[in-house]
Protein chains: 2
Amino acid sequence: MTGTINRPTDIPQPPPRDRILSAARKLFYRHGIRAVGVDAIAEAAATNKMTLYRHFGSKDELIAAYLTELAREGDEVWEKLAEEHPNDPRAQLEGWIVFVEQILTDGSDRGCAIANAAVELREIGHPARQIIDAYKTRKRERLVTMFRDAGYAEPEQLADEVFLLFEGARISLQCCSNGPAQRVVKMLRSMLAEHAPPSSTII
Amino acid sequence: MTGTINRPTDIPQPPPRDRILSAARKLFYRHGIRAVGVDAIAEAAATNKMTLYRHFGSKDELIAAYLTELAREGDEVWEKLAEEHPNDPRAQLEGWIVFVEQILTDGSDRGCAIANAAVELREIGHPARQIIDAYKTRKRERLVTMFRDAGYAEPEQLADEVFLLFEGARISLQCCSNGPAQRVVKMLRSMLAEHAPPSSTII
DNA sequence: ATCCGGAGTTACCGGTCAGTAACATAGGTG
DNA sequence: CACCTATGTTACTGACCGGTAACTCCGGAT
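Worth saying up front: this structure is predicted, and the values here are computed from it rather than measured.

Around DNA strand C there are 17 residues in total, and T47, N48 and R54 of chain A together with K49 and K59 of chain B lie nearest to it. Among the atoms of DNA strand C lying within 4 Å of the protein, the sugar-phosphate backbone contributes 49%. A distance of 2.6 Å is found between a phosphate oxygen of DNA strand C and a side-chain nitrogen or oxygen belonging to T47 of chain A. In the model, a phosphate oxygen of DNA strand C is placed 2.9 Å from a nitrogen or oxygen of the V38 of chain B main chain. If you list the elements that add at least two residues to the surface near DNA strand C, you get α1 (16–31) and α3 (49–55) of chain A together with α3 (49–55) of chain B. For the surface near DNA strand C, the leading source of residues is α3 of chain A, giving 4 residues. Grouping the amino acids of the surface near DNA strand C by side-chain chemistry returns 6 nonpolar, 7 polar and 4 charged.

We now examine the protein's contact with DNA strand D. Taken together, the neighbourhood of DNA strand D is formed by 17 residues, with K49 and K59 of chain A together with T47, N48 and R54 of chain B sitting nearest. Near the protein, meaning within 4 Å, the atoms of DNA strand D are sugar or phosphate in a fraction of 47%, with bases accounting for the rest. One of the side-chain nitrogen or oxygen atoms of K49 of chain A is found 2.3 Å away from a base oxygen of DNA strand D. Between DNA strand D and R19 of chain B, the relevant distance is 3.3 Å, taken from a phosphate oxygen to a side-chain nitrogen or oxygen of the residue. If you tally residues by element for the surface near DNA strand D, the top one is α3 of chain B, at 4 residues. Here the residues of the surface near DNA strand D are counted per class, giving 6 nonpolar, 7 polar and 4 charged.

Placing chain B over chain A gives an RMSD of 0.0 Å and needs a rotation angle of 180°, together with 0.0 Å of translation along the axis. Read as a symmetry element, the transformation amounts to a two-fold axis. Residue G168 of chain B, judged by its C-alpha, is the member of chain B lying nearest the rotation axis, at 1.8 Å. Of the interface residues in chain B, 100% have counterparts in chain A that sit at the interface too, so the contact is made through matching surfaces.

To continue, consider the nonpolar core. Core analysis: the largest hydrophobic core is formed by 70 residues, its most contacted members being I41 of chain A together with I41 and L67 of chain B. Take this core: its biggest share by element is 8 residues, from helix α4 (residues 59–84) of chain B. Sequence-distant contacts of L67 of chain B, defined by excluding residues within four places in its chain, comprise I114, A117, A128, I131 and I132 of chain B.

Residue and element names in this part refer to chain B. Mapping R54 onto the fold places it in helix α3. On the basis of relative accessible area, R54 is assigned to the exposed category, the value being 60%. Counting along the chain gives 86 residues from R54 to R140, while the straight-line C-alpha distance between them is 36 Å.

Between the first and last C-alpha of helix α7 (residues 127–149) of chain A there are 34 Å, a value that for 23 residues agrees with the 33 Å anticipated at 1.5 Å per step. Taken as a whole, α7 of chain A has its buried residues at A128, I132, Y135, K136, K139, R140, L143, V144, M146 and F147 of chain A. Taken together, the buried residues of α7 of chain A touch α4 (59–84), α5 (89–104), α6 (113–120), α8 (155–175) and α9 (184–194) of chain A together with α8 (155–175) of chain B. Taken from the residues just after α7 of chain A, G151 of chain A is the one with a positive phi, measuring 90°.

Let us look at the confidence of the model for chain A. A residue-level look at chain A finds 91% of positions with pLDDT of 70 or above and a mean pLDDT of 91. Predicted confidence is poor over residues 1–11 of chain A, with pLDDT under 50, and the contacts of this stretch with residues over four places away or in other chains come to 0 contacts.

All names here are of chain A. Each assigned domain of chain A is listed with its residue range as follows: domain 1 (14–57) and domain 2 (62–194). Between domain 1 and domain 2, the C-alpha centre-to-centre distance is 26 Å. Taken residue by residue, the interface counts 13 residues in domain 1 and 17 residues in domain 2. Buried area between domain 1 and domain 2, summed over both chains or domains, comes out near 1,400 Å², and the portion from carbon and sulfur atoms is 63%.

So, how was this worked out
- Residues numbered from 1 in each chain as written.
- Chains lettered and ligands numbered in written order.
- Predicted model: local features only at pLDDT ≥ 70, side-chain atom pairs only at ≥ 80, totals over all residues.
- Heavy atoms only, no water.
- Near = heavy atom within 4 Å.
- Polar contact = N/O pair within 3.5 Å; in protein donor to acceptor, adjacent residues only side chain to side chain.
- Helix = DSSP H or I, 4+ residues; strand = E, 2+ residues; numbered from the N terminus.
- Nonpolar A, V, L, I, M, F, W, Y, C, P; charged D, E, K, R; others polar.
- Least-squares fit on C-alpha atoms with pLDDT ≥ 70 in both.
- Contact = heavy atoms within 4.5 Å.
- Core = buried A, V, L, I, M, F, W, Y, C linked by side-chain atoms within 4.5 Å.
- Buried < 20%, exposed > 50% of the residue type's maximum accessible area, 1.4 Å probe, protein only.
- Expected span 1.5 Å × (residues − 1).
- pLDDT = per-residue confidence, 0-100.
- Domains from an automatic or database assignment.
- Buried area = accessible area lost by both parts, 1.4 Å probe.

Now the structure itself:
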């Protein structure tokens, strides 16, 4: 009995809601949303279906929570870039490109989970659709702002081009092996070099 | 009785296999592959499940046939461009851009059906995957050839860029309303103008 | 000690899924 | 005519789906 060091609730695992969301995330992304049943999620979360339904009223709600979490993390990438390079949009842009490069050369990328959800959930009234739409629209606007702040001319056209290039790269990773996605970072750099802002003076 | 003009088998409808494939095509594209059951397909084809299973041994086989048909039609677009403008790769390229414009401004586009299938069918051994991969790889190579024949420098880089832009546009149509996909044709034209082939002489 | 809320367990519901068996009905061919 | 093949029809299987009811259990608060 010497080892009873007052650790009754040592929380060896996070609360069930977190476990469920984490399991859903892994399974949804790996196998697809429609391909994964709630039983499988509950089991992967080391819990049961009842607990799942106490925290998420339905599978659609769980999907919405899953997408909301993904969108929040996507937003945090931009916030982190902004606070790591305050008042330095060029450095933020460079940081974003590095981030893009990491994703596309990861090797385990199965595309943008949010875009994949858009493909799988086509019912017009589905709660996921507005989350998806809002996130992608927000992302595009962030790109526009970034290019504008970085001094590029015609930031909207440039942002659209970069946006589509990136989206295309991620979907292509799922379609064709050895696809053109590997070269997207080089494309971005040469594209930015071509449209380089007129005043690249350093203070 | 004047109208009995010896039309006993007037074939008011195509054979069941064609009807099934056509119904599958419509439903798969509209609602997604996993969201549509074989019963719904059979009913939409004005036949029954048994006949469906006599022509296609399983749902996966039907999916494979569906994708094979789509891929063949996709290939035919290129073949038609080639025979409409023989020995005129510039005109072929222009024709392809018009084709792209039609798709993206259609208003009812739900993305590339083949890419969507890649998102939905993630099982590694699925018969659909090689059809998808082969088609997208073929498409990319066609673009490379077209740009090379049209005299563009670095046709592979250009083809990859155009490929990703187009793929990104089609997936974005499903993600964000009022997305940047509308401007992709202008992007293509300005991009091609920038990388215009050195010898644009006519004959 | 009592209570209570969150979590786990088991069993179940109706519905739908992919796939099959058995049989009836044509139509065309010999 | 008989025969054969393609199609249609009905009913069924077993598995799984999303979702729920009823119950137990446990830990923490009062």
